[in-house]
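Observations on the model geometry
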Amino acid sequence: MSAKIPVAVLISGRGSNMLALARACARADHPARIVVVIADGEAPGLAAAAAAGLPTTIVSRADFAERAAFDAALDAALRAHGAEIVCLAGFMRILGPALVARWEGRILNIHPSLLPAFKGLDTHARALAADVKIHGASVHLVTAALDDGPILAQAALPVRPDDTAESLAARVLEAEHRLYPAALARHITGAGPPAAETALFNPPLAPSPGAPPSDC
Ligand code: GRF
């Protein structure tokens, strides 16, 4: 395989997607390597990143009065570590238009819904409130608009009648951990298995519905 592409992962929280990316990137057959994990403050995930042997740094939003100055510092940190692609993984800051433009097509985000549904926060509770039957996660390219931008990959799963926001979040998160490394690899190489033809039905269809009755 040709040289791995240097990737920065940006986090604000526990960093489970960052760790899923780190595990995948550690494999010889994944086309990315993580060069730095950047947090916008004292994120719990930083310790996990360090324990995984990844370089970490904090670019604290609190240190900058203006968002543009914060963005410039982020940009400088990304460049200093030689990043070519940025993966937002639970990064709770909206990047300004100048930074997004500078990294156009090279910033990925993972969002816990089937976009364009449920942009923003509390996606699982909102999905339950809307009575959707299928929910999931999306990896998309970041544009100046929140949770917008071309969708690169999605994982869909059935909502169960007894789901709570927590149970649904846990199943979606598991799917996120598989989806994000695969979407990153595909974004870098442009290659991947052909799209699966299987449809996800929920409620499931009867095993063999057969032909419709002749009198309908
Ligand atoms: C994930 O649900 C991700 O989709 C969203 O923020 C959450 C981050 O979780 N953008 P973690 O920090 O990766 O565990």
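Residues numbered from 1 in each chain as written. Predicted model: local features only at pLDDT ≥ 70, side-chain atom pairs only at ≥ 80, totals over all residues. Heavy atoms only, no water.

For the rest of this paragraph, the subject is the pairing of strand β5 (residues 107-111). With 5 of 5 residues buried, β5 lies mostly within the body of the structure. Along β5, one buried face is formed by I107, N109 and H111 and the opposite face, lined by L108 and I110, is buried too. Taken together, the 3 bridges between strand β4 (residues 85-88) and β5 define a ladder with parallel strand orientation. Bridge pairing in β5 links C87 to L108. A crossover connection joins β4 to the parallel β5 through helix α4 (residues 97-102); in handedness this β-α-β unit is right-handed. The pairing of β5 with strand β6 (residues 134-141) spans 4 bridges and is antiparallel. Note on β6: the bridge partner recorded for N109 is H140. (Buried < 20%, exposed > 50% of the residue type's maximum accessible area, 1.4 Å probe, protein only. Helix = DSSP H or I, 4+ residues; strand = E, 2+ residues; numbered from the N terminus. Pairing = 2+ DSSP bridges. Right-handed = clockwise from strand over helix to strand, strands pointing away.)

Our focus in this paragraph is helix α1 (residues 16-25). Counting buried residues along α1, 8 of its 10 residues qualify, which places the element largely inside the surrounding structure. What α1 keeps buried is the set S16, N17, M18, A20, L21, A22, A24 and C25. Next to the buried residues of α1 lie β1 (5-11), β2 (32-39), α2 (45-51), β4, β5 and α6 (165-189). (Contact = heavy atoms within 4.5 Å.)

Taken together, R14, G15, S16, N17, G90, I110, H111, P112 and E176 make up all the residues around the ligand. R14 is positioned with one of its side-chain polar atoms (N or O) 2.4 Å from an oxygen atom of the ligand. One nitrogen or oxygen atom from the main chain of N17 is found 2.8 Å from an oxygen atom belonging to the ligand. Against a free-state accessible area of 370 Å², the protein chains account for coverage of 85% of the ligand. Listing elements by their share of the shell around the ligand, those giving two or more residues are α1 and β5. A per-class count over the shell around the ligand returns 2 nonpolar, 5 polar and 2 charged. (Near = heavy atom within 4 Å. Polar contact = N/O pair within 3.5 Å; in protein donor to acceptor, adjacent residues only side chain to side chain. Areas by Shrake-Rupley, 256 points an atom, 1.4 Å probe, with all protein chains shown as cover. Nonpolar A, V, L, I, M, F, W, Y, C, P; charged D, E, K, R; others polar.)

Right, let's talk about the sheet that holds β6 for a bit. Strands sit in the order β3-β2-β1-β4-β5-β6-β7 across an open sheet of 7 strands; the sheet is mixed. Strands with a single pairing partner mark the edges of an open sheet, and in this sheet they are β3 (56-58) and β7 (151-158). Strand-to-strand twist of the sheet, defined as the mean angle between neighbouring strand axes without regard to direction, takes the value 20°. (Axes fitted to C-alpha atoms, helices over the stretch in contact; angles between N-to-C directions.)

What follows covers the side chain of D40. On the secondary structure map, D40 appears in the loop between β2 and α2. One polar contact links D40 to R93, side chain to side chain, over a distance of 2.8 Å. The contact partners of D40, leaving out residues within four places of it in the chain, are I11, S12, I58, V59, S60, R61, F70, F91 and R93.

A rise of 1.5 Å per residue sets the reference length of α6, with its 25 residues, at 36 Å; its end C-alpha atoms lie 35 Å apart and thus fit the reference within 8%. At E176, α6 is bent by approximately 25°, the largest bend along its length. Every buried residue belonging to α6 is among L168, R171, V172, L173, A175, E176, L179, Y180, P181, A183, L184 and A185, and all of these are buried. One or two steps after α6, the chain reaches G190, where phi turns positive at roughly 75°. (Expected span 1.5 Å × (residues − 1). Bend = angle between axes of the 7 residues up to and from the residue.)

Our next topic: unusual backbone geometry. The omega torsion across L115 and P116 is 10°, close enough to zero to call that bond cis. Looking at where P116 falls in the secondary structure, it is placed in the loop between β5 and α5 (123-129). Note that the residue after N202, namely P203, is joined by a cis bond; omega there is 0°. Looking at the secondary structure, you find P203 in the segment after α6. Here the phi dihedral of F118 falls at roughly 55°; this positive angle occurs in a residue that is not glycine. On the secondary structure map, F118 appears in the loop between β5 and α5. Despite not being glycine, D122 shows a phi value in the positive range, around 55°. As for its position among the elements, D122 is in the loop between β5 and α5.

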